[in-house]
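# Observations on chain architecture
Listed here are the chains, written in short residue letters.
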Amino acid sequence: MEAINIIEGPVSVLDRSDVDTDQIIPKQFLKRVERTGFGEFLFYDWIRDGEISLEPNPILVSGRNFGSGSSREHAVWALDQFGFDAVVAPSFSDIFFSNCTKNGFLPVMLDEPDCEALAAAGAGRIDLENQKVSWEGGEATFDIDPEIKRRLLGGLDDIALTLQAEEDIEAFEEGPGGSYGPVTTSLP
Amino acid sequence: MPKTMFEKIWEAHEVRDELIYIDLHLVHEVTSPQAFEGLRMSGRNLRRPDKTVATADHNVPTDGTPTAKLIADTLSRKQVQTLEQNAAAFGVPVYSLGSETQGIVHVIGPELGLTQPGMTIVCGDSHTSTHGAFGALAFGIGTSEVEHVMATQTLVQRRPKTMRINYTGKLGPGVTSKDLILATIGRLGTGGMSGYVVEYAGEAIRELTMEQRLTVCNMTIEGGGRAGMIAPDETTYEYMRGKPGVPDDFDAAIERWEHLPTDEGATFDYEVEIDATQIAPMVTWGTTPGMVVEVSDRVPDPSRMDQPAERESAERALQYMGLKAGTPMEEIRPERVFIGSCTNSRISDLREAAAAIKGRKVADSIRAMVVPGSAMVKSQAEEEGLDIIFQDAGFEWRGAGCSMCLGMNPDILIEGERCASTSNRNFEGRQGKGGRTHLVSPTMATAAAIEGHFVDIRNWN
Ligand code: SF4
């Protein structure tokens, strides 16, 4: 994963709430077995029908409950591969938020009026280290889990980090918790 | 100190602070190929194939295609075959097209006895919340996390907040667990459970059968919840007894499970009370599951909503759905009926739907289909003759899979078609581009199929 810190430039605005992952990347594009090639299908139906048009700017601003619905990480790949580096919204669905952070794609939660001000300003600067978003005439701070921030800033690979806890995992597996649940390989 | 069921399960699975051990990893063809590929690229093994199981569900045709290599759609064929190859290469048991135990991942877990109380269960699918009905902590993850679980059998997780929804009283006649959860989401909103693990409790929940409980937990994600849970009890144990995956010493297991329910006096971050006696059969009118009203109501009028954002969403939704404010819900006429999906495709759902038919026929204006959630549900239904009842009435009887729940396979709505669906999402285009979805219970869907419009099943027989 690539390290990120400062994301700045023009803002694209998608003025809708409850934007679900079925819209971000419709299911007919989920059949690929690769991680690439999703950018051109971003918001496929809305863009093709001329309902919206979006520039691939560094920052996307949208309404509350962004990324709701399906857990498809393809939604994050599509946003990222289309050209966005960060998405700013008043709230996100949990799984989508987590998927973003696993891909070095920054989800930023700002209050609704701040989102609107950033959208109106047309351009902005996100500073992850200092947890600050600024735009002409305003700025706001945002919260982010310190551990997630550390991983994003360092571009750290989650799996490699967890494998540093290998001894703990082995100890857990040897303890009483290790044999909880079924043995799938012994089913008929 | 008294603890919630969630806290007990969480603490029993902490390998380190915020690193939790996963007891069961369910895998399907859509969200796994990139994860398997990631393992290969980094030269890692799949750590515990014995805690992993794979099935093909999203992409599979439901027309009786017997094996993956005969799937007509090239990309779907490749995805299902890739799953089979990956599972073989990493030693994971796989139930693909043609297997007797193939089916929707959230249907086969419980029916094989893989889903058990006290477990942590994940899957690259948001409706993993379904499995929480057994008193498990079960939630959906993304593909990067799928790879993480494959490599480490653990997951890095912030501890979520807890919510309890207490239902007082019992559901009335004709009112199902689908209506209970739709009404709850309508009340709390699609983000109302956001960030929470939700425990459903109270008299109305205890009265539900196991399969009805699965329907409730299934739609937790539609309320934005991370996971839904219901305390295990006799109903749970009776349902599990004799299933292939359950512990050999079942009675000893029950003794362990009996410690799971939330202790008296344990506190939740948020508690809500809902009067179950007031819940009516529900129908969605819009493009989120929270846009829902009682079947005896009318399509809401956006101009009467005070929040501008809510008004705009409602206007958009009505336009998309081709509906006028004020129209009685019972006057809405679907052209399609879909009984299926991980919300409502289990044997009891099909029994209820079949029982409601009573020799009547599907209306001429309607194309209706029944899609069992798994190959096992299908054969059980056929043993009971339900397939004949459905077909005699004019329903199509299909093979197991996700089918028209998400239209990733040949079962889709065409532009503008309106569907009464027992699935869980009514998003724009979910069942096919331009398709219009109304979420309902299986009996409500059956009644709509026969009458050609929605009816209040409380006064329909
Ligand atoms: S039936 Fe629908 S909601 Fe359930 S797993 Fe399949 S696509 Fe997802």
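What you see is a predicted model; the values in this text were computed from it and never measured. (Residues numbered from 1 in each chain as written. Chains lettered and ligands numbered in written order. Predicted model: local features only at pLDDT ≥ 70, side-chain atom pairs only at ≥ 80, totals over all residues. Heavy atoms only, no water.)

### Quick notes on the packing of aromatic side chains
Let me state the cut-off plainly: Pairing of aromatic rings covers Phe, Tyr and the six-membered ring of Trp, with a centre-to-centre limit of 6.5 Å; geometry is then stacked below 30 degrees between planes, edge-to-face above 60, and tilted otherwise. Categorising residues by exposure relies on relative accessible area from a 1.4 Å probe, with only protein chains included: less than 20% of the type maximum marks a residue as buried, more than 50% marks it as exposed, and the intermediate range marks it as partly exposed. For a lysine, the NZ atom is tested; for an arginine, the CZ atom; a charge sits over a ring if that atom is within 6 Å of the ring centre and within 35 degrees of the ring normal.
Here the structure, examined in full by the defined rule, presents 19 aromatic pairs over all chains. Arranged with centres 5.4 Å apart and planes meeting at 75°, the rings of Phe390 of chain B and Phe395 of chain B form a pair that is edge-to-face. Taken individually, Phe390 of chain B and Phe395 of chain B each receive the classification buried, so the pair is uniform in this respect. Pairwise contacts between aromatic rings join Phe66, Phe92, Phe96 and Phe97 of chain A into one cluster. Over the ring of Tyr239 of chain B we find Lys243 of chain B; its NZ or CZ atom is 4.3 Å from the centre of that ring.

### As for the pattern of salt bridges
Note the threshold: Salt bridges, as used here, are contacts in which a Lys or Arg side-chain nitrogen is within 4 Å of a carboxyl oxygen on Asp or Glu. A run of H or I in DSSP counts as a helix once it spans at least four residues, and a run of E counts as a strand once it spans at least two, with each numbered from the N terminus.
Per the counting criterion, the structure on display carries 45 salt bridges over all chains. A salt bridge links Glu8 of chain A to Arg125 of chain A, with the shortest nitrogen-to-oxygen separation between them at 3.5 Å. Note that Glu8 of chain A is positioned in strand E1 (residues 6–14) and Arg125 of chain A in strand E5 (residues 123–127), a separation of 117 residues in sequence. Note that Glu271 of chain B is salt-bridged to Arg164 of chain B, the shortest N-O span being 2.9 Å. Of the two residues, Glu271 of chain B is situated in strand E12 (residues 270–275) and Arg164 of chain B in strand E9 (residues 161–168); the sequence distance between them amounts to 107 residues. Residue Glu271 of chain B is classed as partly exposed on the basis of its relative accessible area, which comes to 41%. Taking the relative accessible area as the measure of exposure, Arg164 of chain B reaches 18% and is therefore buried. Residues joined by salt bridges that share partners form a network here, namely Lys102, Glu147, Arg150, Arg151 and Asp158 of chain A.

### Some remarks on the interface of chain B and chain A
Bring the parts together and some accessible area is lost; that lost area is often taken as the interface size. Where we set the bar: Only heavy atoms matter for contacts: two residues are in contact if any of them lie within 4.5 Å across the pair. By convention, the term buried area covers the 1.4 Å-probe accessible surface removed from two parts as they join, with the contributions of both added. Polar contact criterion, stated in full: a pair of N or O atoms within 3.5 Å, where within protein one must be able to donate a hydrogen and the other to accept it, and residues adjacent in sequence count only if both atoms are side-chain atoms. Classification used: nonpolar for Ala, Val, Leu, Ile, Met, Phe, Trp, Tyr, Cys and Pro, charged for Asp, Glu, Lys and Arg, polar for all others including Gly.
Chain B puts 79 residues into the contact, and the matching count from chain A is 63 residues. Interface area lost by chain B to chain A is led by Gln34, Arg47 and Lys433 of chain B, which between them contribute 11%. Counting across the interface, chain B meets chain A through twelve salt bridges. With a closest N to O distance of 3.7 Å, Arg44 of chain B and Asp157 of chain A form a salt bridge. Where chain B packs against chain A, one counts 37 residue pairs in polar contact (both at pLDDT 80 or more). Sort the elements by how many residues they give to the side of chain B that touches chain A and helix H5 (residues 143–152) of chain B lands first, with seven residues. For the side of chain B that touches chain A, a count of residues per class yields 26 nonpolar, 32 polar and 21 charged.

### Observations regarding the sheet that holds strand E6 (residues 120–123) of chain B
All names here are of chain B. Filter applied, for reference: When DSSP finds two or more bridges between a pair of strands, those strands are recorded as paired.
Overall, parallel pairing links the five strands, which are arranged E5-E4-E3-E6-E7 in an open sheet. Edge positions in the sheet fall to strand E5 (94–95) and strand E7 (137–140), since each has one partner strand and no second. Examined bridge by bridge, E6 and E7 share four bridges and lie parallel to one another. For Thr120, the partnering residue across the bridge sits in E7 and is Leu137.

### Let's talk about the confidence of the model for chain B
Short version of the rule: Residue-level confidence of the predictor is what pLDDT reports, using numbers from 0 through 100.
With 100% of its residues at a pLDDT of at least 70, chain B reaches an overall mean of 97. Taken together, the chains of this predicted complex give a pTM of 0.95 and an interface ipTM of 0.92.

### Remarks on unusual backbone geometry
Comment: phi is negative for the bulk of residues other than glycine, and the bulk of peptide bonds are trans. All names here are of chain B. For Lys358, which is not glycine, the phi dihedral falls at a positive 45°. Note that Lys358 resides in the loop between helix H12 (347–357) and strand E16 (367–370). Note on Lys358: relative accessible area 58%, which makes it exposed.

### Examining the sheet that holds strand E8 (residues 154–156) of chain B
All names here are of chain B. Note the cut-off: Angles run from 0 to 180 degrees between N-to-C directions of axes, and those axes are lines fitted to C-alpha atoms, restricted for helices to the stretch in contact.
Across the sheet, which stays open at both edges, the three strands sit in the order E1-E2-E8 with antiparallel pairing between neighbours. Where the open sheet ends on each side, the last strands, each with one partner, are strand E1 (14–16) and E8. Averaged over all adjacent pairs, the angle separating strand axes in this sheet is 35°, with direction ignored. Relative to strand E2 (residues 19–21), E1 runs antiparallel, the two sharing two bridges. From the neighbouring strand, Glu14 faces E2, where its bridge partner is Ile20.

### Considerations on the site of the ligand
Put simply, the rule reads: Each residue is tested against the molecule or strand, and it is near if at least one of its non-hydrogen atoms lies within 4 Å.
Around the ligand, a shell composed of His58, Ile104, His106, Asp125, His127, Ser341, Cys342, Cys402, Cys405, Leu406, Asn424 and Arg430 of chain B is seen. Split into classes, the residues belonging to the shell around the ligand amount to five nonpolar, five polar and two charged.

### As for the side chain of Thr128 of chain B
Residue and element names in this part refer to chain B. Looking at the element boundaries, Thr128 is found in the loop between E6 and E7. We classify Thr128 as buried; its relative accessible area is 0%. One polar contact links the side chain of Thr128 to the main-chain carbonyl oxygen of Cys123, over a distance of 3.5 Å.

### Section: helix H6 (residues 146–154) of chain A
All names here are of chain A. The criterion, for reference: Taken from the helix axis, the directions to the C-beta atoms give the arc we talk about.
For H6, every residue scored as buried is listed here: Ile148, Lys149, Arg151 and Leu152. Down the axis of H6, the buried set is contained in an arc of 165°. They therefore lie on one face. For H6, the N-terminal cap is Asp145; the gap from its side-chain oxygen to the backbone nitrogen of Glu147 is 2.9 Å. Where H6 terminates, the next one or two residues include Gly155, which has phi positive at roughly 60°.

### So, the environment of Glu310 of chain B
Residue and element names in this part refer to chain B. Its place among the elements puts Glu310 in helix H11 (residues 308–321). The class for Glu310 is partly exposed, based on a relative accessible area of 39%. Taking C-alpha positions, Glu310 is 35 Å from Phe134, a pair spaced 176 residues apart along the chain.

### Some thoughts on the side chain of Ser71 of chain A
In this structure, Ser71 of chain A sits in the loop between strand E2 (59–62) and helix H3 (74–82). Here Asp125 of chain B takes part through its backbone nitrogen, which lies 3.3 Å from a polar atom of the side chain of Ser71 of chain A.

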